[in-house]
Amino acid sequence: QLQLVESGGGLAQIGGSLRLSCTASGRTFSTYGMGWCRQAPGKDREFVAVISWSGAHADNTGSVKGRFTISRDNAKNTVYLQMKALKPEDTAVYYCAAAPSYRGLPSSGILYDYWGQGTQVTVSS
């Protein structure tokens, strides 16, 4: 299997920044597209950013566009989510997920085979 471990969550003030990391082991990381999603209590799971295996294609959803940036470093088996201008509604558990590249560009609509354990992000006033 591919193991994914998130880190970097914590407490941030409104307007602040955090950078989340997801480090993979167990399989060839560079063959997987990656996504970041989040889930808050009482809310549906929401994908916020995706990136292709090569890093050539990356995108985020309308709710975080202009504030979040996804990137990856295949040499370090790591994908990042840089979060800026944080809002209270960004409070959630954030998960990284992996999908094989043959399923196409990663998005909220494809099947992800592997998930991390999540890291809590809390944004307060």
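Conventions adopted
- Residues numbered from 1 in each chain as written.
- Predicted model: local features only at pLDDT ≥ 70, side-chain atom pairs only at ≥ 80, totals over all residues.
- Heavy atoms only, no water.
- Helix = DSSP H or I, 4+ residues; strand = E, 2+ residues; numbered from the N terminus.
- Buried < 20%, exposed > 50% of the residue type's maximum accessible area, 1.4 Å probe, protein only.
- Polar contact = N/O pair within 3.5 Å; in protein donor to acceptor, adjacent residues only side chain to side chain.
- Contact = heavy atoms within 4.5 Å.
- Pairing = 2+ DSSP bridges.
- Axes fitted to C-alpha atoms, helices over the stretch in contact; angles between N-to-C directions.
- Disulfide = S-S within 2.5 Å.

Peer 1: Can you walk me through the side chain of asparagine 60 in this structure?
Peer 2: Tracing the sequence through the fold places asparagine 60 in strand 6 (residues 58-60). By relative accessible area, which is 15% here, asparagine 60 ends up buried. Of note is the side chain of asparagine 60, whose polar atom sits 2.6 Å from the backbone oxygen of phenylalanine 68. Each residue touching asparagine 60, except ones within four places of it in the same chain, is listed here: Val48, Ala49, Lys65, Gly66 and Phe68.

Peer 1: How should I be thinking about the pairing of strand 1 (residues 3-7) in this particular structure?
Peer 2: Taken residue by residue, a regular strand's side chains alternate between the two faces of the sheet. Only one face of strand 1 is covered, namely the face carrying Leu4 and Glu6; the face carrying Gln3, Val5 and Ser7 is uncovered. Here strand 1 runs beside strand 3 (residues 18-25); their pairing, made up of 5 bridges, is antiparallel. Along strand 3, the bridge assignment pairs serine 7 with serine 21.

Peer 1: It is not clear to me how the sheet that holds strand 8 (residues 78-83) should be interpreted in this structure. Could you clarify?
Peer 2: Through backbone hydrogen bonds, the strands of a sheet pair up, either in parallel or in antiparallel fashion. Pairing within the open sheet is antiparallel, and its 4 strands lie in the order 1-3-8-7. Whereas interior strands pair on both sides, the edge strands pair on one side only; in this sheet they are strand 1 and strand 7 (68-73). Across the sheet, the mean angle from the axis of one strand to that of its neighbour is 15°, orientation sign disregarded.

Peer 1: I'm lost on the state of the cysteines in this one. Help?
Peer 2: Working definition of a disulfide: a covalent bond connecting the sulfur atoms of two cysteines. As enumerated under the stated definition, the model contains 1 disulfide in all. Two residues, cysteine 22 and cysteine 96, share a disulfide whose sulfurs are 1.9 Å apart. The chirality of the disulfide connecting cysteine 22 with cysteine 96 is right-handed, given an S-S dihedral of about 50°. You can see cysteine 22 sitting in strand 3 and its partner cysteine 96 sitting in strand 9 (residues 92-100), a full 74 residues away along the chain. The same class applies to cysteine 22 as to cysteine 96, namely buried. For the unlinked cysteine cysteine 37, the closest cysteine sulfur is that of cysteine 96, found at 8.7 Å.

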